[in-house]
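# Results of the structural survey
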Amino acid sequence: MIQSVSVTVNFAVAFALVCIFTVEPWRVVNSQEEQRLLVDMTIVTNARDTGALCLDGSLPGYHLHRGYGAGENNWLLQFEGGGWCNDLQSCLERAPTRRGSTKHMNKFAVFSGILSNNATLNPDFYNWNRVKLRYCDGASFTGNRVFKNGTKTLYFKGQKIWEAIIEDLLPKGLGNAYKALLSGCSAGGLATFHHCDNFTKYLPTTTTVKCLSDAGFFLDGRDVSLNHTMRYFVKSLVTLQGIEQNLNENCTSALSYPDLCFFPQYALKYISTPYFILNSAYDVFQFHHILAPPSADPLGHWSHCRANKSTCTPAQINTLQGFRLSMLAALKPFYFYSKRGGMFINSCFAHCQSESQETWFGDDSPRINNKTIAEAVGDWYFSRNRSKLIDRPYPCDNDKTCHNLIP
């Protein structure tokens, strides 16, 4: 065994609209605005036995803050995000950084938003066992391959890292969980699509298990030059890191191109565990890397718009609205037919909204129908209310609650 040292927006209307250091493993640090909870890293010391290694060969790690009271038997696991590497050059560059090695990571992680231990700031999950899984494989915890060329070695072992961390947590209480939530942000949000049902299999049949993706619903869409930039990126990623073997078998057997199952829009319908999708319809990462990547805009027509949405031309705004509609179209079956699913699709120019306190739950947090993200997720998880919320398109009244990454 591995050890360690609501009220809803009518979808049809929304879809049609165009203008919608102590010895303790944690410590609290005072800041000007609030107290920050810093949680120490746990290294999975026996991970080498199963080849569960970061890109550079270092051991994987996670941060655990214990629950208490009514939440002492409940668990929330959060995948860290941080993009991907899809070729040898980018992976070699990534390996000696915090994205490819625990040796280069901060040993304390800030727990805020959905990971906060403050009942006022995180009312539904503050007293749960909360875990942040550090990301060091470059493929959303899905690869299983080793590359060697005589002088360099890269470990594409995300799938094994996931298994090693779970095996390390099971005897620490996860194996007896009453309730569990698997979540993640960005590339970590994508990881939840690929590990959600597998997570359920580790836990007792009596455990209430659900999954949440934050900013992980990456679209298989055309860019502004009508090319499939993201599709080609994913294909090379899947091939390089040996991912196909770890994708949903029902999905890969149904598609002519199995690597497409890396995209959530194709994998989602095969997930049986209750699921919540949190995403911005104008996700900044997707805007910059899927819709209008520099490779598709060699003359820089989109450069000002990418930096400041107020400088976008009417034609560019229409293109952004089309991207939003593509996302809603991909989510349409989930909206109508997932009886246990939830969603919060807002119109902010944002990326990752669950780990930041200001976007998770606060006086000025993003809202749809006056409901915050934390409230929507809590209503869904605890079945307090139906929680499938879709914001009106940009620009809309809710813009004043957005915390946009671009002005």
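Right, let's walk through the structure included here. Because the structure is predicted, anything quoted here is derived from the model rather than measured.

So, about the pattern of salt bridges. A full pass over the atoms with the stated rule returns eleven salt bridges. The salt bridge partner of R99 is E80, with a shortest N-O separation of 3.6 Å. Of this pair, R99 sits in the loop between helix 2 (88-94) and strand 5 (108-111) while E80 sits in the loop between strand 4 (74-79) and helix 2; the two residues are 19 residues apart in sequence, bridging distant segments of the chain. Classification of R99 by relative accessible area gives partly exposed; the value is 21%. For the salt bridge of D220 with R231, the shortest nitrogen-to-oxygen distance reads 2.8 Å. Placement of D220 in the loop between strand 10 (208-214) and helix 5 (229-241) and of R231 in helix 5 is noted, with a sequence separation of eleven residues between them. One network of salt bridges, in which partners are shared, links D124, K371, D379 and R384.

Inspection of every chain in the model, using the stated rule, returns seven disulfides. With its sulfur 2.1 Å from that of its partner, C54 forms a disulfide with C136. Given an S-S torsion of about -70°, the disulfide between C54 and C136 has left-handed geometry. With C54 in the loop between strand 2 (35-43) and strand 3 (61-65) and C136 in the loop between strand 6 (129-133) and strand 7 (145-148), the pair connects residues that are 82 residues apart, well separated along the chain. Between C305 and C312 runs a disulfide, and the two sulfur atoms are separated by 1.9 Å. The sign of the 85° torsion about the S-S bond sets the C305-C312 disulfide as right-handed. Since its relative accessible area comes to 1%, C305 is described here as buried.

Let's shift gears to the pairing of strand 7. Where strand 7 meets strand 8 (residues 153-156), four bridges bridge the pair, whose relative direction is antiparallel. Looking at the pairing, F147 lines up with L154 of strand 8. Here strand 7 hands over to strand 8 after four residues, with G150 in that stretch at a positive phi of 100°.

Evaluation of the coordinates by the stated rule reveals 28 aromatic pairs. Here the aromatic rings of W162 and Y202 are separated by 6.5 Å at their centres, their planes lie at 80°, and the arrangement is edge-to-face. Note that W162 is positioned in helix 3 (residues 158-169) and Y202 in helix 4 (residues 187-202), a separation of 40 residues in sequence. Measuring from centroid to centroid gives 6.5 Å for F287 and F349, while their planes differ by 65°, and the two rings are edge-to-face. Taken as a pair, F287 in helix 8 (residues 284-291) and F349 in the loop between strand 12 (342-346) and helix 11 (357-360) lie far apart in primary sequence, 62 residues in all. Taking the relative accessible area as the measure of exposure, F287 reaches 2% and is therefore buried. The class of F349 is buried, set by a relative accessible area of 1%. Connected via pairs of aromatic rings, a cluster forms that spans F79, Y135, F141, W162, F199 and Y202. Its end group placed over the ring of Y335, R386 keeps NZ or CZ at 5.7 Å from the ring centre. Across from the ring centre of Y335, 5.8 Å away, lies the NZ or CZ of K388, which sits over that ring.

A separate point is the nonpolar core. One finds L77, L174 and F199 to be the most contacted residues of the largest nonpolar core, which totals 82 residues. In terms of residue count, helix 10 (residues 314-337) provides more of this core than any other element does, eight residues in total. Excluding anything up to four places from it in sequence, L77 contacts V131, L133, I166, L169, L174, L181, L182, S183 and F199. In this structure, A109, L115, L212 and F344 belong to the second largest nonpolar core, which totals 23 residues.

With that out of the way, let us pick up the pairing of strand 12. With five of its five residues buried, strand 12 lies for the most part within the structure. Here strand 12 shows two buried faces, one formed by G342, F344 and N346 and the other by M343 and I345. Two elements, strand 11 (residues 275-280) and strand 12, share five bridges in a ladder whose sense is parallel. Across the sheet, F276 pairs through a bridge with G342, a residue of strand 12. Strand direction decides the pairing type here: strand 12 and strand 15 (residues 388-390), joined by three bridges, are parallel. Within the sheet, the bridge partner assigned to I345 lies in strand 15 and is I390.

In this section: the packing of helix 8 against helix 10. Helix 10 packs onto helix 8 with a crossing angle of 105° between their chain directions and a minimal axis gap of 12 Å. If you check the angle between helix 8 and helix 10, you find them roughly perpendicular. Between helix 8 and helix 10, the contacting residues are Q286, F287, I290 and L291 on the first element and T319, L320, F323 and M327 on the second.

Take the packing of helix 3 against helix 4 next. Two measures define how a pair of helices packs: the angle their axes make with one another and the distance between the axes. Closest axis-to-axis distance for the helix 3/helix 4 pair is 12 Å, and the angle between their directions is 30°. Classified by the angle their axes make, helix 3 and helix 4 are roughly parallel. The hand of the helix 3/helix 4 crossing is right-handed. Note on element contacts: helix 4 touches helix 3 through H195, N198, F199 and Y202, opposite Q159, W162, E163, I166 and E167. By residue class, the composition of the contact of helix 3 with helix 4 is four nonpolar, three polar and two charged.

Cut-off values and rules
Residues numbered from 1 in each chain as written. Predicted model: local features only at pLDDT ≥ 70, side-chain atom pairs only at ≥ 80, totals over all residues. Heavy atoms only, no water. Salt bridge = Lys/Arg side-chain N within 4 Å of Asp/Glu carboxyl O. Helix = DSSP H or I, 4+ residues; strand = E, 2+ residues; numbered from the N terminus. Buried < 20%, exposed > 50% of the residue type's maximum accessible area, 1.4 Å probe, protein only. Disulfide = S-S within 2.5 Å. Pairing = 2+ DSSP bridges. Phe/Tyr/Trp six-rings, centres within 6.5 Å; stacked < 30°, edge-to-face > 60°. Lys NZ or Arg CZ within 6 Å of the ring centre and 35° of its normal. Core = buried A, V, L, I, M, F, W, Y, C linked by side-chain atoms within 4.5 Å. Contact = heavy atoms within 4.5 Å. Axes fitted to C-alpha atoms, helices over the stretch in contact; angles between N-to-C directions. Parallel < 35°, antiparallel > 145°, perpendicular 65-115°, else oblique. Left-handed = near helix turned anticlockwise from the far one by under 90°. Nonpolar A, V, L, I, M, F, W, Y, C, P; charged D, E, K, R; others polar.

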